[in-house]
Amino acid sequence: MKRATAILISGRGSNMQSLVRACQDPDFPARIELVASNKADAPGLDWARDQGLPTLALTRSPGEGRADFDTRLDRALTDRGIDLVCLAGYMRLLTAGFTERWQGRLLNIHPSLLPSFPGLDAQAQAHRARVRVTGCTVHFVDSGLDSGPIIDQRALHLEPRESLESLSSRLLALEHALYPECLKQVAAQQVQLIDGRAIWR
Ligand code: GAR
């Protein structure tokens, strides 16, 4: 049985596209039931709409607190029978109530080897720090910033004098390979969150 999956985005949505494409394989254990964005003008929403996928722009009402917003988000997901949620460039911190409710069924991708360089512009943070190796991480989400049990990572060596643009584009290609692989493993329950750890079978 394919797991009903939602993807949450805030912008371009290239990772969302890689997940959608992977789910087109008849043997893939997840199907995309919703692409939702907290930004109504996210370019990724247009792409998803063009693919005929159900989309939702869930924007914050004036004066609405984070908890109330996340309650609306939770309801939108639950009403559609969503089982797994993938954050793909969703640039909003989720409240602890939300992350606890979706514990073990909520994934994120981040363009660094966590726990190094959480937060915004991880590629630039790594580039500025002149690390020789960086990469990307898919993890189960807890209420911290880009934190939670790590599912898998991919690493790359920086080339001598590599530009930030080159590094960012190589990292993005790694992300596009890693995220579908991790969703596949989670959807097939080959990796599960048990006692706060990602446990592989
Ligand atoms: C991706 O690089 C993703 O890893 C990053 O935002 C980008 C979104 O690009 N996420 C974070 O930094 C989360 N802290 P995309 O919209 O093209 O997938």
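To be clear, the structure that these remarks concern was listed above.
Residues numbered from 1 in each chain as written. Predicted model: local features only at pLDDT ≥ 70, side-chain atom pairs only at ≥ 80, totals over all residues. Heavy atoms only, no water.

Student: Residues and numbers for the overall build of the protein, please.
Tutor: What the protein contains, in helices and strands, is 6 helices and 9 strands. Relative to the 2.2 N^0.38 estimate, which gives 17 Å for 201 residues, the radius of gyration of the protein is 16 Å and therefore close to what a compact globule would have. Overall size of the protein, expressed as C-alpha extent along the three principal axes, is 50 × 45 × 35 Å. For the protein, the residues scored as buried account for 49% of the 201 residues in total. Accessible area for the protein stands at about 10000 Å²; split by element, carbon and sulfur atoms hold 49% of it. The average position of the 24 basic charges and that of the 23 acidic charges among the side chains of the protein differ by 2 Å. (Helix = DSSP H or I, 4+ residues; strand = E, 2+ residues; numbered from the N terminus. Rg over C-alpha atoms; globule rule 2.2 N^0.38 Å. Buried < 20%, exposed > 50% of the residue type's maximum accessible area, 1.4 Å probe, protein only. Areas by Shrake-Rupley, 256 points an atom, 1.4 Å probe, with all protein chains shown as cover. Lys, Arg positive; Asp, Glu negative; His and termini not counted. Charge placed at Lys NZ, Arg CZ, Asp CG, Glu CD.)

Student: Quick rundown of the site of the ligand? Include the residues and the values.
Tutor: Every residue close to the ligand is listed here: Arg12, Gly13, Ser14, Asn15, Gly89, Met91, Ile109, His110, Pro111, Gln123, Asp146 and Glu175. With respect to the ligand, the backbone of glycine 13 contributes an N or O atom lying 2.7 Å from an oxygen atom. One nitrogen or oxygen atom from the side chain of asparagine 15 is found 2.9 Å from an oxygen atom belonging to the ligand. Protein contacts shield 90% of the accessible area of the ligand, which totals 450 Å² for the unbound molecule. Those elements that provide at least two residues to the shell around the ligand are helix H1 (14-23) and strand E5 (106-110). Taken together, the residues of the shell around the ligand sort by class into 3 nonpolar, 6 polar and 3 charged. (Near = heavy atom within 4 Å. Polar contact = N/O pair within 3.5 Å; in protein donor to acceptor, adjacent residues only side chain to side chain. Nonpolar A, V, L, I, M, F, W, Y, C, P; charged D, E, K, R; others polar.)

Student: So what's going on with H1? Residues and values would help.
Tutor: The buried count for H1 comes to 9 of 10 residues, which makes it a mostly enclosed element. Within H1, the full set of buried residues consists of Ser14, Asn15, Met16, Gln17, Ser18, Leu19, Val20, Ala22 and Cys23. Buried residues in H1 make contact with strand E1 (3-9), strand E2 (30-37), helix H2 (43-50), strand E4 (84-87), E5 and helix H6 (164-187). (Contact = heavy atoms within 4.5 Å.)

Student: Explain the packing of aromatic side chains residue by residue, including any values.
Tutor: Per the counting criterion, the structure on display carries 1 aromatic pair. Taking the centre distance of 6.1 Å and the plane angle of 25° together, the rings of phenylalanine 98 and tryptophan 102 count as stacked. Among the residues examined, phenylalanine 98 registers a relative accessible area of 4% and is labelled buried. Given a relative accessible area of 1%, tryptophan 102 falls into the buried group. Across the ring face of phenylalanine 69, the terminal group of arginine 92 is positioned such that the distance to the ring centre comes to 4.2 Å. (Phe/Tyr/Trp six-rings, centres within 6.5 Å; stacked < 30°, edge-to-face > 60°. Lys NZ or Arg CZ within 6 Å of the ring centre and 35° of its normal.)

Student: How would you sum up the packing of H1 against H2? Please name residues and give values.
Tutor: Remark: H1 packs on H2, axes separated minimally by 10 Å, with the N-to-C direction vectors making an angle of 20°. By the angle between their axes, H1 is roughly parallel relative to H2. As for the relative orientation of H1 and H2, their crossing is right-handed in sense. In this structure, H1 uses Met16, Gln17, Val20 and Arg21 to contact H2, whose residues at the interface are Gly44, Trp47 and Ala48. Looking at side-chain class alone, the contact of H1 with H2 contains 4 nonpolar, 2 polar and 1 charged residues. (Axes fitted to C-alpha atoms, helices over the stretch in contact; angles between N-to-C directions. Parallel < 35°, antiparallel > 145°, perpendicular 65-115°, else oblique. Left-handed = near helix turned anticlockwise from the far one by under 90°.)

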